[in-house]
Amino acid sequence: MINSIDNKKMKLVKSLNQKKYRDKENKFVIEGSRFINEIPKKIKVIFTLVSESFKNKNDIDKYESVEIVGDDIFNKITDTKNTQGILAVCEKYKYKIDDLYSVKNDYVILGDKITDPGNLGTIIRTAEASGADYIVLSKGCVDIYNQKVIRSTAGSVLNIPIIEDVNLEEVIKKLKNDDVKIIGSHLSSKKYHIDCNMKNKCGIVIGNEANGMSDEITNLCDELVIIPMIGKVESLNASVASGILMYELIRQRGE
């Protein structure tokens, strides 16, 4: 049983709370029994850590490379306030940009500098629920392996293909050449989202929470739409707006 915070694995887990170490080690942490039980086979689990309390109440033989950690030590390395007592260190699974161009791309989500972890997590979860083929995130988006993002996705981050840190302008231009219609939500538009045809191949752009889409991305959109707002608010939360657009696509396609 591990009883020292200076143990190599303890130090690794603690370091992975920071993006620079996640990038350096090409690893990330998943917490919680449900998330860990649903890790897809393509994701390599390096090791699993369980607290002594978790071990006393659960069958831990099903977990890969499992080690027991004293409760006090486990609580010092977890990022969750009310921990379940189990976490796994996994190797990142990276999709390549060429993977995006090798599929039909009937429906793609494009993130333009989304910086809030909760928003991005909710967008990822909704994208999977609505059947998106891919999520493509620009440079400047929050890391998908941030613990707040992972928790907000409820595990979807491991299931839907996501490509990070791309030049979004180049990706959009290439998608347009493949007849993918690029749709963005913009406050200057006079066209309601329900009047935009989403029945054919399309990419939905989700802009930055504070500033919306950049001018460069806005100019590349084939169609700009606005979601009606009756109250005095100036704009909708990015994840809420994206959800409305995603489910309008489903409604139109009769899925």
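Keep in mind the model is a prediction, meaning the values are calculated, not measured.

The rules we used
Residues numbered from 1 in each chain as written. Predicted model: local features only at pLDDT ≥ 70, side-chain atom pairs only at ≥ 80, totals over all residues. Heavy atoms only, no water. Helix = DSSP H or I, 4+ residues; strand = E, 2+ residues; numbered from the N terminus. Contact = heavy atoms within 4.5 Å. Areas by Shrake-Rupley, 256 points an atom, 1.4 Å probe, with all protein chains shown as cover. Lys, Arg positive; Asp, Glu negative; His and termini not counted. Charge placed at Lys NZ, Arg CZ, Asp CG, Glu CD. Pairing = 2+ DSSP bridges. Axes fitted to C-alpha atoms, helices over the stretch in contact; angles between N-to-C directions. Buried < 20%, exposed > 50% of the residue type's maximum accessible area, 1.4 Å probe, protein only. Salt bridge = Lys/Arg side-chain N within 4 Å of Asp/Glu carboxyl O. Expected span 1.5 Å × (residues − 1). Core = buried A, V, L, I, M, F, W, Y, C linked by side-chain atoms within 4.5 Å. Disulfide = S-S within 2.5 Å.

Take the overall build of the protein next. Along the backbone of the protein there are eleven helices and ten strands. Sequence-distant contacts in the protein: of pairs separated by 6 or more residues, those separated by 24 or more amount to 76%. Total accessible area computed for the protein in this model is approximately 13100 Å², and 45% of it derives from carbon and sulfur atoms. Charge centroids of the protein, computed over 38 positive and 37 negative side chains, lie 2 Å from each other.

Now for the sheet that holds strand S1 (residues 27–31). Pairing within the open sheet is mixed, and its four strands lie in the order S1-S4-S2-S3. Single-partner strands in this sheet number two, and they are S1 and strand S3 (66–69). Here the average twist between neighbouring strands, direction ignored, is 25 degrees. Relative to S3, strand S2 (residues 45–51) is paired through four bridges, and the arrangement is parallel. What sits directly across from Val 50, in S3, is Ile 68.

With that settled, the discussion passes to unusual backbone geometry. The general pattern is negative phi for most residues beyond glycine and trans for most peptide bonds. Residue Ala 154 is not a glycine yet carries a positive backbone phi of 55 degrees. If you trace the backbone, Ala 154 turns up in the loop between helix H8 (147–153) and strand S7 (162–166). Looking at Ala 154, the relative accessible area reads 16%, which means it is buried. Located in the positive-phi region is Asp 165, a residue other than glycine, with phi close to 60 degrees.

With that out of the way, let us pick up the pattern of salt bridges. Tallied over the entire structure, the rule returns eleven salt bridges. For the salt bridge of Glu 223 with Lys 191, the shortest nitrogen-to-oxygen distance reads 2.2 Å. Separated by 32 residues along the polypeptide, Glu 223 in strand S10 (residues 223–225) and Lys 191 in the loop between strand S8 (181–185) and strand S9 (202–206) bring together distant segments of the chain. A single salt-bridge network, built from bridges that share partners, covers Lys 19, Asp 23 and Lys 92.

Looking now at helix H11 (residues 238–253). Between its terminal C-alpha atoms H11 stretches 23 Å, which fits the 22 Å expected from 16 residues at 1.5 Å a residue. Of all the residues in H11, the buried ones are Ala 238, Ser 239, Ala 241, Ser 242, Gly 243, Leu 245, Met 246, Glu 248, Leu 249, Ile 250 and Gln 252. The inward-facing, buried residues of H11 contact strand S5 (107–111), helix H7 (117–129), S8, S9 and S10. Two residues or fewer after H11 comes Gly 254, characterised by a positive phi angle close to 65 degrees.

Among the secondary structure elements, Ile 250 is positioned in helix H11. Considered as a pair, Ile 250 and Ile 123 are 127 residues apart in the sequence and their alpha carbons are 15 Å apart.

Turning our eyes to something else, we now look at the sheet that holds strand S6 (residues 134–138). Read across the sheet, six strands follow the order S7-S6-S5-S9-S8-S10 without closing on themselves; strand pairing throughout is parallel. Across the chains shown, the open sheet's two edge strands, defined by having one partner strand only, are S7 and S10. Ignoring strand direction, the axes of neighbouring strands in this sheet form an average angle of 25 degrees. Where S8 meets S10, three bridges bridge the pair, whose relative direction is parallel. For Ser 185, the partnering residue across the bridge sits in S10 and is Val 225. Together, S5, S6, S7 and S9 form the strand contacts of H7, whose direction differs from that of S6 by roughly 155 degrees. Relative to S9, H11 is tilted by about 165 degrees, and along the sheet it contacts S5, S8, S9 and S10.

With that out of the way, let us pick up the nonpolar core. Of all hydrophobic cores here, the largest spans 48 residues; its most connected members are Ile 39, Ile 109 and Ile 124. Top element by residues in this core is H11. It accounts for five residues. With near-sequence residues (within four places) excluded, Ile 109 lies in contact with Ile 123, Ala 127, Ala 132, Tyr 134, Ile 135, Val 136, Ile 204, Ile 206 and Met 246. Counting 19 residues, the second-largest nonpolar core is a separate cluster that includes Val 136, Ile 182, Val 205 and Met 213.

With that settled, the discussion passes to the state of the cysteines. For the structure on display, the rule yields zero disulfides. Cysteine Cys 221 shares no disulfide, and the gap to the nearest cysteine sulfur, in Cys 196, comes to 10 Å.

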